[in-house]
Amino acid sequence: MYTNTQEAIQVNKIAIVGAGLGGLACAIALRKLGYDVQVYEKAKDFRPVGGGFGLLPNGLKCLDAIEPGIVSLIKNSGCEVSQSVLKNNQGETIRTNKTARYQDKYGLPLITVWWWHLQQVLVSKVPENNIHLNHRCIGFTQDDNGVDIYFDDDKKVRADLLIGADGINSAVRETLFKDGKARYLGSMSWRAVIKCDQQLLNPGELGVVRSSREFMFLLNLGNGYFSWLYRQLLPNFFLSPNLDVAKSEVLSKIAHWGKPLQQLVEMTPSERILEAPIYDRPPLDTWSNGRVTLLGDAAHPMAPALAQGTNTTFEDVCELAWCFAQYKNISEAFNNYERRRIDRTRIIQNRSAEAEMDNYKTQEEKSPSLVLQQLQMSNEEFQDWILSYQPPTI
Ligand SMILES: Cc1cc2nc3c(=O)[nH]c(=O)nc-3n(C[C@H](O)[C@H](O)[C@H](O)COP(=O)(O)OP(=O)(O)OC[C@H]3O[C@@H](n4cnc5c(N)ncnc54)[C@H](O)[C@@H]3O)c2cc1C
């Protein structure tokens with residue numbers, strides 16, 4: 001549990017750019033340390049967006065450290081997974097695998113949840129007055145005493161510290177490091193959340209449909225919500241002119257798949273479909289400068305293959321809050337934050353990029369992982385290293 005300490009950094013106002021999962025979790029943690037935290041978000045309102053995704057024990061442990069009791073709320077708005085099911089593209093089960101071992105081994109389960117539902121849980125823990133919607137950050141300048149943060153519409157805010165939690169296309173990162181566009185990884189994703197009565201999965205199951213150069217995740221999200229995520233290897237990406245075309249595109253790609261899988265896409269209203277190229281960025285050697293630092297996708301955007309984007313973001317939040325509580329001096333806090341985070345996230349970013357491409361290869365085509373070879377770890381040891389992460393206590 002995070003509470004105010006005598007040692008904490010002596011600043012008052014902290015600005016966070018981005019009210020995604022990372023920015024909101026960070027606001028909760030830093031408010032508990034006694035800071036005046038203001039969150040600036042470009043969206044005009046919080047709307048039901050995003051897809052379904054998995055919260056793993058390392059991320060859940062962090063959320064529990066930031067806000068004790070929150071995991072029960074998340075379980076209620078998501079689905080605790082007890083079994084994963086491998087299916088062929090006709091929707092027939094090939095193999096099942098118990099996921100209860102997460103709970104047994106790490107003390108927390110795998111929970112699948114709708115991105116928007118988790119955002120709502122986090123929003124409910126931050127006072128409304130501390131979140132400023134319709135604030136698109138376009139850059140910042142800093143001096144010895146503070147940071148001026150600039151938004152479109154000529155808005156400007158001054159704060160003692162700035163945390164960029166504004167995602168893969170972060171304006172804060174761009175101002176800090178000018179590292180340009182994200183890197184397309186050669187695969188496209190289409191996903192949606194729908195409320196439906198489906199027969200493909202039993203309650204508590206997560207499904208993976210494997211096919212050649214394409215696959216689909218099926219996620220129960222609790223309370224009757226269900227998410228499908230279709231991915232295909234596509235060396236050159238494109239964006240459909242509208243979502244009706246995107247839906248037809250997916251249906252034509254899975255025209256040879258079984259009826260129950262096609263029906264899932266058919267019953268999805270076009271406007272609920274998200275079409276997105278899969279991007280990441282190469283790891284950075286530093287995330288901070290002066291009074292400004294980064295977290296989450298702004299710091300270490302990664303391919304989704306290991307489902308660690310959000311989970312490692314919650315690790316960042318715990319480590320950053322710990323450094324704030326531990327060090328009085330800003331540069332000491334940021335240096336230690338980077339020292340505790342960059343090596344770990346670099347490894348996970350690199351392995352995620354490798355694993356992303358492995359998704360589309362047959363067993364024969366896969367070559368041994370360079371990341372695992374360097375670490376001298378088996379895949380199981382690597383998974384264990386990620387999932388057994390323990391957040392620092394304050
Ligand atoms: C709408 C949305 C839906 C998502 N859905 C999924 C999903 O279904 N599955 C999944 O695995 N991951 C999803 N992600 C990504 C996932 O949330 C992140 O990979 C991970 O949680 C890291 O979170 P983050 O807070 O660092 O970044 P993000 O979640 O990307 O949040 C960044 C936030 O900053 C805001 N922002 C961006 N630029 C600016 C700016 N210039 N000024 C002010 N605010 C800005 C964004 O609107 C967003 O709210 C989604 C992200 C978003 C924004």
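For the structure, see preceding data.
Quick caveat: nothing in here was measured; it's all calculated off a predicted structure. (Residues numbered from 1 in each chain as written. Predicted model: local features only at pLDDT ≥ 70, side-chain atom pairs only at ≥ 80, totals over all residues. Heavy atoms only, no water.)

Asker: So what's going on with the pairing of strand β9 (residues 137-142)? Which residues, and what values?
Answerer: Two strands pair when backbone bridges link them, and β9 and strand β10 (residues 147-151) are joined in this way by 5 bridges, in the antiparallel orientation. Note that in β10 the partner of Gly139 across the bridge is Tyr150. Hairpin connection between β9 and β10: a loop of 4 residues separates the two successive antiparallel strands. (Pairing = 2+ DSSP bridges. Helix = DSSP H or I, 4+ residues; strand = E, 2+ residues; numbered from the N terminus.)

Asker: Provide a residue-level description of the pattern of salt bridges, including the pertinent values.
Answerer: A full pass over the atoms with the stated rule returns 24 salt bridges. The partner of Asp45 in a salt bridge is Arg47, and the shortest N-O contact between them spans 3.3 Å. Judged by relative accessible area, which is 54%, Arg47 ranks as exposed. With a closest N to O distance of 3.4 Å, Lys105 and Asp384 form a salt bridge. Taken together, the positions of Lys105 in helix α4 (residues 100-106) and Asp384 in helix α12 (residues 379-387) put the pair 279 residues apart, joining distant regions of the chain. Using a relative accessible area of 27% as the deciding quantity, one classes Asp384 as partly exposed. (Salt bridge = Lys/Arg side-chain N within 4 Å of Asp/Glu carboxyl O. Buried < 20%, exposed > 50% of the residue type's maximum accessible area, 1.4 Å probe, protein only.)

Asker: Describe the sheet that holds β9, and please don't skip the residues or the numbers.
Answerer: Across the sheet, which stays open at both edges, the 3 strands sit in the order β9-β10-β11 with antiparallel pairing between neighbours. Strands at the two margins of the open sheet, each flanked by one partner only, are β9 and β11 (156-159). Neighbour-to-neighbour, the strand axes of this sheet turn through a mean angle of 20°, independent of strand direction. (Axes fitted to C-alpha atoms, helices over the stretch in contact; angles between N-to-C directions.)

The values are spatial; any link to function lies outside them.
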